[in-house]
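Observations on chain architecture
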Amino acid sequence: DTAVSQTPKYLVTQMGNDKSIKCEQNLGHDTMYWYKQDSKKFLKIMFSYNNKELIINETVPNRFSPKSPDKAHLNLHINSLELGDSAVYFCASSQVSGVSGRAYNEQFFGPGTRLTVL
Amino acid sequence: GESVGLHLPTLSVQEGDNSIINCAYSNSASDYFIWYKQESGKGPQFIIDIRSNMDKRQGQRVTVLLNKTVKHLSLQIAATQPGDSAVYFCAENPNGGSQGNLIFGKGTKLSVKP
(Lines give C-alpha, C1' and ligand atoms only; values in the text may rest on other atoms or scores of the structure.)
Protein backbone atom coordinates (compact mmCIF):
# COMPACT_ATOMS: atom_id res chain seq x y z
CA ASP A 1 0.00 0.00 0.00
CA THR A 2 1.31 3.42 -0.93
CA ALA A 3 1.60 5.61 2.16
CA VAL A 4 1.68 9.00 0.41
CA SER A 5 0.51 9.22 -3.18
CA GLN A 6 0.46 12.08 -5.65
CA THR A 7 -1.19 12.57 -9.01
CA PRO A 8 -0.20 13.22 -11.66
CA LYS A 9 3.42 12.07 -11.72
CA TYR A 10 4.16 14.29 -14.70
CA LEU A 11 2.43 17.52 -15.67
CA VAL A 12 3.29 19.53 -18.75
CA THR A 13 1.38 22.73 -19.33
CA GLN A 14 1.49 26.14 -20.92
CA MET A 15 2.39 29.36 -19.18
CA GLY A 16 -0.66 31.13 -17.77
CA ASN A 17 -2.67 27.98 -17.16
CA ASP A 18 -4.12 26.89 -13.81
CA LYS A 19 -3.35 23.40 -12.59
CA SER A 20 -3.75 21.20 -9.52
CA ILE A 21 -1.71 18.42 -7.99
CA LYS A 22 -3.41 15.97 -5.67
CA CYS A 23 -1.97 14.32 -2.60
CA GLU A 24 -3.38 11.61 -0.38
CA GLN A 25 -1.94 9.88 2.66
CA ASN A 26 -3.30 6.71 4.24
CA LEU A 27 -1.13 6.86 7.35
CA GLY A 28 -3.65 8.61 9.53
CA HIS A 29 -1.26 11.53 10.01
CA ASP A 30 -2.56 14.88 11.14
CA THR A 31 -0.15 17.12 9.27
CA MET A 32 0.65 17.38 5.57
CA TYR A 33 3.21 19.38 3.65
CA TRP A 34 4.15 20.56 0.20
CA TYR A 35 7.76 20.95 -0.87
CA LYS A 36 9.33 22.27 -4.06
CA GLN A 37 12.54 20.74 -5.38
CA ASP A 38 14.39 22.79 -7.96
CA SER A 39 16.74 21.68 -10.70
CA LYS A 40 19.66 21.73 -8.27
CA LYS A 41 17.83 19.28 -6.01
CA PHE A 42 17.23 21.87 -3.32
CA LEU A 43 14.12 21.05 -1.26
CA LYS A 44 12.15 23.89 0.21
CA ILE A 45 9.01 23.82 2.34
CA MET A 46 6.04 25.60 0.80
CA PHE A 47 3.20 24.82 3.20
CA SER A 48 2.40 22.77 6.23
CA TYR A 49 -1.18 22.14 7.22
CA ASN A 50 -3.22 20.36 9.80
CA ASN A 51 -6.84 20.73 10.70
CA LYS A 52 -5.97 23.66 12.89
CA GLU A 53 -3.40 25.71 11.14
CA LEU A 54 -1.96 26.53 7.74
CA ILE A 55 1.62 27.67 7.78
CA ILE A 56 2.74 29.35 4.60
CA ASN A 57 6.33 29.95 3.65
CA GLU A 58 6.41 33.68 3.06
CA THR A 59 8.44 33.28 -0.10
CA VAL A 60 5.69 31.27 -1.83
CA PRO A 61 3.70 33.36 -4.35
CA ASN A 62 0.01 33.66 -3.62
CA ARG A 63 -0.64 31.96 -6.96
CA PHE A 64 -0.05 28.77 -4.97
CA SER A 65 -2.79 27.64 -2.64
CA PRO A 66 -3.22 24.41 -0.70
CA LYS A 67 -6.69 22.98 -0.27
CA SER A 68 -7.58 20.20 2.12
CA PRO A 69 -10.97 18.57 1.60
CA ASP A 70 -10.27 16.23 4.52
CA LYS A 71 -7.52 15.10 6.83
CA ALA A 72 -6.09 12.62 4.34
CA HIS A 73 -5.79 15.00 1.40
CA LEU A 74 -3.86 18.16 0.68
CA ASN A 75 -4.07 19.37 -2.90
CA LEU A 76 -1.94 22.09 -4.42
CA HIS A 77 -3.54 24.60 -6.77
CA ILE A 78 -1.41 26.81 -8.91
CA ASN A 79 -2.82 29.76 -10.84
CA SER A 80 -1.28 31.60 -13.78
CA LEU A 81 1.66 29.23 -14.11
CA GLU A 82 5.05 30.73 -14.86
CA LEU A 83 8.22 29.24 -16.33
CA GLY A 84 9.92 29.43 -12.93
CA ASP A 85 7.31 27.14 -11.44
CA SER A 86 8.87 24.21 -13.29
CA ALA A 87 10.15 21.86 -10.60
CA VAL A 88 9.34 18.64 -8.80
CA TYR A 89 6.70 19.06 -6.11
CA PHE A 90 6.60 16.67 -3.17
CA CYS A 91 3.82 16.07 -0.75
CA ALA A 92 4.65 14.72 2.71
CA SER A 93 2.87 13.86 5.92
CA SER A 94 3.73 13.31 9.54
CA GLN A 95 2.09 12.83 12.91
CA VAL A 96 2.91 15.89 14.97
CA SER A 97 3.88 15.08 18.51
CA GLY A 98 6.22 16.27 21.21
CA VAL A 99 6.63 19.48 23.09
CA SER A 100 4.81 22.53 21.80
CA GLY A 101 3.48 20.70 18.78
CA ARG A 102 6.84 20.23 17.14
CA ALA A 103 7.05 17.07 15.11
CA TYR A 104 9.65 14.60 16.28
CA ASN A 105 8.43 11.94 13.96
CA GLU A 106 9.63 11.47 10.43
CA GLN A 107 7.90 12.95 7.45
CA PHE A 108 6.85 10.48 4.79
CA PHE A 109 7.22 11.76 1.25
CA GLY A 110 5.22 11.03 -1.87
CA PRO A 111 6.86 10.10 -5.18
CA GLY A 112 6.76 13.64 -6.51
CA THR A 113 5.10 15.44 -9.42
CA ARG A 114 7.35 16.82 -12.13
CA LEU A 115 5.80 20.04 -13.38
CA THR A 116 7.06 21.50 -16.65
CA VAL A 117 5.79 24.88 -17.74
CA LEU A 118 6.34 25.71 -21.41
CA GLY B 1 20.99 32.12 3.31
CA GLU B 2 20.04 28.59 4.17
CA SER B 3 20.70 27.36 7.66
CA VAL B 4 21.65 23.83 6.69
CA GLY B 5 24.42 23.03 4.25
CA LEU B 6 26.76 20.27 3.22
CA HIS B 7 30.52 20.28 2.96
CA LEU B 8 30.72 17.97 -0.06
CA PRO B 9 28.26 18.11 -2.94
CA THR B 10 29.48 14.79 -4.41
CA LEU B 11 31.09 11.74 -2.89
CA SER B 12 32.43 8.71 -4.74
CA VAL B 13 33.33 5.57 -2.81
CA GLN B 14 34.31 2.02 -3.58
CA GLU B 15 31.82 -0.72 -2.84
CA GLY B 16 32.49 -2.13 0.59
CA ASP B 17 34.13 1.00 1.93
CA ASN B 18 32.58 3.19 4.58
CA SER B 19 30.99 6.51 3.55
CA ILE B 20 30.78 9.68 5.59
CA ILE B 21 28.46 12.48 4.56
CA ASN B 22 28.73 15.75 6.45
CA CYS B 23 26.30 18.53 7.17
CA ALA B 24 26.63 21.90 8.89
CA TYR B 25 23.69 23.70 10.40
CA SER B 26 23.50 27.26 11.62
CA ASN B 27 20.49 27.30 13.96
CA SER B 28 21.86 26.40 17.37
CA ALA B 29 18.32 26.05 18.72
CA SER B 30 17.43 23.20 16.33
CA ASP B 31 16.45 20.18 18.37
CA TYR B 32 15.75 17.48 15.82
CA PHE B 33 17.65 16.30 12.78
CA ILE B 34 16.91 13.79 10.06
CA TRP B 35 18.84 12.20 7.23
CA TYR B 36 16.95 11.40 4.06
CA LYS B 37 17.97 9.36 1.02
CA GLN B 38 16.58 10.27 -2.39
CA GLU B 39 16.98 7.89 -5.29
CA SER B 40 16.55 9.08 -8.84
CA GLY B 41 12.92 9.74 -9.68
CA LYS B 42 11.69 9.07 -6.16
CA GLY B 43 10.76 11.03 -3.09
CA PRO B 44 13.07 11.41 -0.09
CA GLN B 45 13.13 8.37 2.16
CA PHE B 46 13.80 8.50 5.88
CA ILE B 47 17.08 6.93 6.97
CA ILE B 48 17.68 7.93 10.57
CA ASP B 49 16.97 10.75 12.95
CA ILE B 50 18.49 12.15 16.11
CA ARG B 51 17.33 14.52 18.81
CA SER B 52 19.54 17.23 20.23
CA ASN B 53 19.83 15.45 23.58
CA MET B 54 21.86 12.71 21.90
CA ASP B 55 25.22 12.78 20.13
CA LYS B 56 25.08 9.42 18.40
CA ARG B 57 22.46 7.09 17.08
CA GLN B 58 22.88 3.85 15.20
CA GLY B 59 20.68 2.06 12.73
CA GLN B 60 21.23 -0.75 10.34
CA ARG B 61 24.60 0.02 8.68
CA VAL B 62 24.08 3.73 9.38
CA THR B 63 25.20 5.94 12.21
CA VAL B 64 24.37 9.59 12.75
CA LEU B 65 26.67 11.77 14.82
CA LEU B 66 25.66 15.14 16.18
CA ASN B 67 28.16 17.68 17.45
CA LYS B 68 26.21 20.59 18.85
CA THR B 69 29.34 22.49 19.81
CA VAL B 70 30.31 23.04 16.20
CA LYS B 71 26.81 22.53 14.79
CA HIS B 72 27.81 19.56 12.69
CA LEU B 73 25.93 16.45 11.67
CA SER B 74 27.29 13.42 9.88
CA LEU B 75 25.94 10.24 8.38
CA GLN B 76 28.16 7.20 8.30
CA ILE B 77 27.28 4.29 6.06
CA ALA B 78 29.16 1.07 6.72
CA ALA B 79 30.11 -1.32 3.91
CA THR B 80 28.62 0.91 1.23
CA GLN B 81 26.67 -0.93 -1.43
CA PRO B 82 25.62 0.03 -4.97
CA GLY B 83 22.07 0.41 -3.69
CA ASP B 84 23.26 3.22 -1.45
CA SER B 85 23.89 5.41 -4.50
CA ALA B 86 21.55 8.36 -4.11
CA VAL B 87 21.38 11.97 -2.98
CA TYR B 88 21.48 12.36 0.78
CA PHE B 89 19.90 15.27 2.59
CA CYS B 90 20.19 16.39 6.15
CA ALA B 91 17.27 18.32 7.57
CA GLU B 92 16.69 20.20 10.80
CA ASN B 93 13.63 21.17 12.74
CA PRO B 94 14.44 24.62 14.11
CA ASN B 95 13.28 25.53 17.57
CA GLY B 96 9.91 27.17 17.31
CA GLY B 97 9.18 25.70 13.92
CA SER B 98 5.55 24.74 14.13
CA GLN B 99 4.09 21.55 12.73
CA GLY B 100 7.50 20.05 12.17
CA ASN B 101 8.59 22.21 9.26
CA LEU B 102 11.96 20.96 8.13
CA ILE B 103 14.81 22.93 6.64
CA PHE B 104 16.78 20.82 4.19
CA GLY B 105 20.42 21.05 3.27
CA LYS B 106 21.58 21.15 -0.32
CA GLY B 107 22.22 17.42 -0.66
CA THR B 108 25.23 15.21 -1.32
CA LYS B 109 25.29 12.81 -4.22
CA LEU B 110 26.82 9.49 -3.24
CA SER B 111 28.16 7.30 -6.05
CA VAL B 112 29.26 3.78 -5.26
CA LYS B 113 31.79 2.20 -7.63
CA PRO B 114 31.59 -1.58 -7.98
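Residues numbered from 1 in each chain as written. Chains lettered and ligands numbered in written order. Predicted model: local features only at pLDDT ≥ 70, side-chain atom pairs only at ≥ 80, totals over all residues. Heavy atoms only, no water.

1. A closer look at the side chain of B:Lys37
All names here are of chain B. Looking at the secondary structure, you find Lys37 in strand E4 (residues 32-38). Within the buried core, Lys37 has no salt-bridge partner, and the shortest N-O distance to an opposite charge, that of Glu39, equals 4.3 Å. A distance of 2.7 Å separates a polar atom in the side chain of Lys37 from the backbone oxygen of Gly83. Leaving out residues up to four positions away in the same chain, Lys37 has contacts with Gly43, Pro44, Gln45, Ile47, Gly83, Asp84, Ala86, Val87 and Tyr88. (Helix = DSSP H or I, 4+ residues; strand = E, 2+ residues; numbered from the N terminus. Buried < 20%, exposed > 50% of the residue type's maximum accessible area, 1.4 Å probe, protein only. Lys, Arg positive; Asp, Glu negative; His and termini not counted. Salt bridge = Lys/Arg side-chain N within 4 Å of Asp/Glu carboxyl O. Polar contact = N/O pair within 3.5 Å; in protein donor to acceptor, adjacent residues only side chain to side chain. Contact = heavy atoms within 4.5 Å.)

2. A look at the pattern of salt bridges
Pairing is possible between side chains of opposite charge, provided their charged atoms come close. Residue and element names in this part refer to chain A. Across all of its chains, the model carries five salt bridges over all chains by this definition. In this structure, the salt-bridge partner of Asp85 is Arg63, at a minimum N-O distance of 2.8 Å. One end of the pair, Asp85, is in the loop between strand E8 (75-78) and strand E9 (87-94); the other, Arg63, is in the loop between strand E6 (54-56) and strand E7 (64-67), and 22 residues separate them in sequence. With a relative accessible area of 13%, Arg63 lands in the buried category.

3. With respect to unusual backbone geometry
In this structure, A:Pro8 follows A:Thr7 across a cis peptide bond, with omega equal to -5°. Examined against the element boundaries, A:Pro8 turns out to sit in the loop between strand E1 (4-7) and strand E2 (10-13). Phi angles above zero are rare outside glycine, and B:Lys71 is one such case at about 55°. Following the sequence through the fold, B:Lys71 ends up in the loop between strand E7 (62-67) and strand E8 (72-77).

4. Focus on the pairing of strand E4 (residues 31-37) of chain A
Residue and element names in this part refer to chain A. With six of seven residues buried, E4 is to be regarded as a mostly interior element. Relative to E9, E4 is paired through seven bridges, and the arrangement is antiparallel. Of the residues in E9, the one forming a bridge with Gln37 is Val88. (Pairing = 2+ DSSP bridges.)

5. A short note on the layout of surface pockets
In this structure, the largest pocket spans a volume of roughly 290 Å³. As for the largest pocket, its lining consists of 18 residues, of which A:Gln37, A:Lys41, A:Val88, A:Arg114 and B:Gly41 are closest to the centre. Secondary structure elements with two or more residues in the lining of the largest pocket: E9 and strand E11 (113-117) of chain A. When the residues that make up the lining of the largest pocket are grouped by side-chain class, the tally is six nonpolar, seven polar and five charged. (1 Å grid on protein atoms, 1.4 Å probe; cavity = no way out; pocket = protein on both sides within 12 Å on 5 of 7 lines; lining within 4 Å. Points joined across faces, edges and corners; volume = space filled by probe spheres on them. Nonpolar A, V, L, I, M, F, W, Y, C, P; charged D, E, K, R; others polar.)

6. Digging into the sheet that holds strand E3 (residues 19-25) of chain A
All names here are of chain A. Here four strands make up an open sheet; going across it, the order is E1-E3-E8-E7 and the pairing antiparallel. The sheet is open, and its two borders are formed by E1 and E7, each paired with just one other strand. Within the sheet, the average angular offset between the axes of one strand and its neighbour, ignoring direction, is 20°. Two elements, E3 and E8, share three bridges in a ladder whose sense is antiparallel. Note that in E8 the partner of Ser20 across the bridge is His77. (Axes fitted to C-alpha atoms, helices over the stretch in contact; angles between N-to-C directions.)

Purely spatial values, then, with no claim about function.
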